[in-house]
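Breakdown of the fold
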Amino acid sequence: MKKLLKFSCNPDFYQNFELYINQANKLFDNCSNSKSKTISNKFDSLFKKKYAYFMIKPDGARYFYEILQLLNSFFIQPACIYLFPVKNWENLSKVLYSNHFQSQNFKNNFQANCITTTTLFGNYSIIGLIEIETQNYTQILEKVYLLKTTIREKFMAKDISIFYRLDDNTSISSILNIIHCPDPNIRILLDEMNILNEFRIFYEPINSEIFNKILRYQSFSFLKDILNDY
């Protein structure tokens, strides 16, 4: 199960990743009017290593082992996966989903989901950064998106609804959906990875000791030890 996981980074990992983000942003800006296939081809020719990501939400800690098993079936070496701790899932999610807040319905659902999730499962989450050498970036993003839909279909509680009362005294049901990843679009991916980079997510990966505790106890609370959050 651990064959793809990396529990430590090279000393220059963060600088190299920032360089990748900056180069990727410039490349996209220079060809933003091109067709998506053309953009993907330019990325494929410029970057040997490519990155994608997923986020296991606080309610996904119960299925941490099963999610990692699926990862191993979706990706093969020379891919590798770094796991990074998120101290405040709700704050990060507010920024990641901010473009959707024009819809009041989405905003209400998001608010209900945050309150339900943090009340029941806490506010820690995990970002999985996938580093892979392949020639087709679009296929990577499509595979990660398929991973998300597979996990949701497999583990979401379809027969349980949790209702949250809004300020206007109406009620809305909250759905716990375990995992997030961007839509399979390079621009969306870059926008979200820029946000993660601003939050300094990719600074220190989860070590094997914390990893094993999360596996054993099915809780992300042990991320306190790596985040020094007391």
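The structure reproduced in this document is the subject of the present report.

The rules behind each value
- Residues numbered from 1 in each chain as written.
- Predicted model: local features only at pLDDT ≥ 70, side-chain atom pairs only at ≥ 80, totals over all residues.
- Heavy atoms only, no water.
- Helix = DSSP H or I, 4+ residues; strand = E, 2+ residues; numbered from the N terminus.
- Buried < 20%, exposed > 50% of the residue type's maximum accessible area, 1.4 Å probe, protein only.
- Polar contact = N/O pair within 3.5 Å; in protein donor to acceptor, adjacent residues only side chain to side chain.
- Contact = heavy atoms within 4.5 Å.
- Salt bridge = Lys/Arg side-chain N within 4 Å of Asp/Glu carboxyl O.
- 1 Å grid on protein atoms, 1.4 Å probe; cavity = no way out; pocket = protein on both sides within 12 Å on 5 of 7 lines; lining within 4 Å.
- Points joined across faces, edges and corners; volume = space filled by probe spheres on them.
- Nonpolar A, V, L, I, M, F, W, Y, C, P; charged D, E, K, R; others polar.
- Axes fitted to C-alpha atoms, helices over the stretch in contact; angles between N-to-C directions.
- Left-handed = near helix turned anticlockwise from the far one by under 90°.
- Pairing = 2+ DSSP bridges.
- Core = buried A, V, L, I, M, F, W, Y, C linked by side-chain atoms within 4.5 Å.

**Points about the side chain of Ser 40**
One can find Ser 40 in helix α2 (residues 36-46). By relative accessible area, Ser 40 is classed as buried at 3%. At 2.9 Å, the side chain of Ser 40 and the side chain of Thr 138 are in polar contact. The contacts of Ser 40, once residues within four sequence positions are left out, are Asn 136, Tyr 137, Thr 138 and Ile 186.

**Considering the environment of Leu 27**
Its place among the elements puts Leu 27 in helix α1 (residues 13-30). Placed 12 residues apart in sequence, Leu 27 and Ile 39 show a C-alpha to C-alpha distance of 8.5 Å. Beyond its immediate stretch of four places on either side in the chain, Leu 27 contacts Lys 42, Phe 43, Leu 46 and Phe 47.

**Some words on the pattern of salt bridges**
By the definition in use, this model includes 7 salt bridges. The shortest N-O distance in the salt bridge between Lys 50 and Asp 44 comes to 4.0 Å. Across the pair, exposure class does not vary: Lys 50 and Asp 44 are buried alike. Close ionic contact of Glu 90 with Lys 94 constitutes a salt bridge, the shortest N to O distance being 3.8 Å. Taken as a pair, Glu 90 and Lys 94 lie in helix α4 (residues 89-96) at a separation of 4 residues, close to a single helical turn.

**A short note on the layout of surface pockets**
Where empty space is left in the structure can be found by rolling a water-sized probe over the atoms. Roughly 370 Å³ of internal volume is contained in the largest pocket. With 4 residues, the single largest contributor to the lining of the largest pocket is helix α7 (residues 186-198). Residue classes in the lining of the largest pocket are distributed as 9 nonpolar, 4 polar and 5 charged. As a volume, the second largest pocket reaches approximately 300 Å³. Forming the walls of the second largest pocket are 16 residues, and the residues nearest its centre are Phe 13, Asn 16, Lys 49, Tyr 51 and Glu 131. Broken down by secondary-structure element, the contributors of at least two residues to the lining of the second largest pocket are α1 and β2 (49-56). Of the residues forming the lining of the second largest pocket, the biggest block, 5 residues, is contributed by α1. A class-by-class count of the residues in the lining of the second largest pocket yields 7 nonpolar, 4 polar and 5 charged.

**As for the packing of α4 against α7**
The geometry of α4 relative to α7 is characterised by a closest axis approach of 10 Å and an angle of 145 degrees between their N-to-C directions. For the element pair α4 and α7, the recorded crossing hand is right-handed. Residues Leu 92, Val 95 and Leu 96 of α4 form the contact with α7, whose own contacting residues are Glu 192, Ile 195 and Leu 196. When grouped by side-chain class, the residues that make up the contact of α4 with α7 number 5 nonpolar, no polar and 1 charged.

**Considerations on the pairing of strand β6 (residues 171-174)**
Burial of the side chains of β6 is restricted to one face: Ile 172 and Ser 174 are buried, whereas none of Ser 171 and Ser 173 on the reverse face is. Linkage of strand β5 (residues 162-165) to β6, two consecutive antiparallel strands, is achieved through a turn of 5 residues, within which Asn 169 is found at a positive phi near 75 degrees.

**Things to note about the sheet that holds strand β4 (residues 125-133)**
Across the sheet, 5 strands lie side by side as β1-β3-β4-β2-β7; this open sheet has mixed pairing. What marks the edges here is a single partner per strand, and that holds for β1 (5-6) and β7 (179-180). Sheet strands in contact with α1 are β2, β3 (80-86) and β4, and its direction is about 100 degrees off that of β2. α4 rests against β2, β3 and β4 of the sheet, and its axis sits at about 120 degrees to β2.

**Some points on the nonpolar core**
Of all hydrophobic cores here, the largest spans 72 residues; its most connected members are Phe 43 and Met 193. For this core, the leading source of residues is α1, giving 8 residues. Those residues within four positions of Phe 43 in sequence are excluded, and the remaining contacts are Ala 24, Leu 27, Phe 28, Lys 50, Tyr 137, Ile 186 and Leu 190.

Nothing here speaks to function; it is geometry throughout.
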